[in-house]
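# Analysis of the macromolecular model
These are the residues of each chain, in order.
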Amino acid sequence: MNIIQTFYDNLASQYDKLFLDWESTTHEQAEILDRIFRNQGFHTTAQILDCACGIGTQAIGLAALGYSVTASDISSAELAEAKNRAAKNGVSIRFEYADFCALSHTFSEQFDIVIAMDNALPHMLTKDALHSAVQSIVNQIAPGGIFVASIRDYNSLLQNKPPYSPPYIHKTADGQRVSFQTWHWEGDNYRLIQYIIDDENALQVSKFECEYRATRREELTNLLLLAGCRKVEWKFPEETGFYQPIVIATK
């Protein structure tokens, strides 16, 4: 099991603590994605693959809007969590265990829309690994379909390489939850430690470690074009309302 699987398997049961209200977030992010899809000419008849679904934050919200959603992930613990949350929300989603670097091993069909949100692609720690992931993803997009992904604004972060992220402080009826990350940089790669401090009832401190490679927008744009996309555009938080820059690539 690699560090990415271990990170998300361990984080699965606490991932929702990164949000003030995870249920509301699923609906808000689905509405943002729905607007993007409709602006690209798609509607709820589109077949969607969420190839880095995590605990279902985007997949469940999109299914609730009426989209046909298939969701996959490399973390079996997060898939199990996503399945439970889909059932609780009364939505039907096809779940599959799959590595987005080798999607053809799991899926024979192509999709109208493939998504990979929440900074999933920068888990690829080399340019070659990112190239393989992008090619795998684009191969599963039907002609005329789109790929939608979000990544951190690394173009800005790489200017100063900050050692930590600002904390999120969520006030609740029983106390508060604080989450933040520390970043140890080695070139364009960095080791991330995610801390979650929960003092709603009894104090609980959790720590999860992973690795990322800061991916510049121009690098991802070039790889998407090389993989067979004919158009790539970027949308920013002030335009979309999403917390990270979003890339939209048309095949």
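Everything below is about the structure printed above this text.
Residues numbered from 1 in each chain as written. Predicted model: local features only at pLDDT ≥ 70, side-chain atom pairs only at ≥ 80, totals over all residues. Heavy atoms only, no water.

### Re unusual backbone geometry
Even without being a glycine, Asp-118 presents a positive backbone phi close to 60 degrees. With respect to the helices, strands and loops of the structure, Asp-118 is situated in the loop between β4 (111-116) and α5 (127-139). Accessibility expressed as a relative area gives 14% for Asp-118, which makes it buried. The phi dihedral of Lys-161 is positive, around 45 degrees, even though this residue is not glycine. Looking at the element boundaries, Lys-161 is found in the loop between α6 (154-160) and β6 (168-172). (Helix = DSSP H or I, 4+ residues; strand = E, 2+ residues; numbered from the N terminus. Buried < 20%, exposed > 50% of the residue type's maximum accessible area, 1.4 Å probe, protein only.)

### Quick word on the packing of α5 against helix α7 (residues 217-226)
For the pair α5 and α7, interaxial distance at closest approach is 9 Å and the crossing angle is 50 degrees. One finds that α5 runs oblique with respect to α7. Note that α5 runs across α7; the crossing there is right-handed. Facing Lys-127, Leu-130, His-131, Val-134, Gln-135 and Val-138 of α5, the residues of α7 in contact are Glu-219, Leu-220, Leu-223, Leu-224 and Leu-226. Residue classes in the contact of α5 with α7 are distributed as 7 nonpolar, 2 polar and 2 charged. (Axes fitted to C-alpha atoms, helices over the stretch in contact; angles between N-to-C directions. Parallel < 35°, antiparallel > 145°, perpendicular 65-115°, else oblique. Left-handed = near helix turned anticlockwise from the far one by under 90°. Contact = heavy atoms within 4.5 Å. Nonpolar A, V, L, I, M, F, W, Y, C, P; charged D, E, K, R; others polar.)

### Considering the pattern of salt bridges
Throughout the structure, instances matching the rule amount to 15 salt bridges. We note a salt bridge from Arg-85 to Glu-81, for which the minimum N-O separation is 2.9 Å. Residue Arg-85 and its partner Glu-81 are both found in helix α4 (residues 76-88); the two are separated by 4 residues, about one turn of the helix. Between Glu-96 and Arg-94 there is a salt bridge, with the nearest N and O atoms lying 3.2 Å from each other. Overall, Arg-94 belongs to the partly exposed group, its relative accessible area being 33%. Beyond isolated ion pairs, a larger network of salt bridges with shared partners links Arg-191, Lys-207, Glu-209 and Glu-211. (Salt bridge = Lys/Arg side-chain N within 4 Å of Asp/Glu carboxyl O.)

### Examining the packing of helix α2 (residues 22-39) against helix α3 (residues 57-64)
Packing of α2 against α3 leaves a shortest axis separation of 8 Å and a crossing angle of 70 degrees. Here α2 is positioned roughly perpendicular relative to α3, judged by the angle of their axes. Where α2 crosses over α3, the two elements pack in a sense that is right-handed. Packed against α2, whose contacting residues are Trp-22, Thr-25, Thr-26, Gln-29, Ala-30, Leu-33 and Phe-37, the element α3 presents Thr-57, Gln-58, Ile-60, Gly-61 and Leu-62 at the interface. Of the residues that constitute the contact of α2 with α3, the class distribution is 6 nonpolar, 6 polar and no charged.

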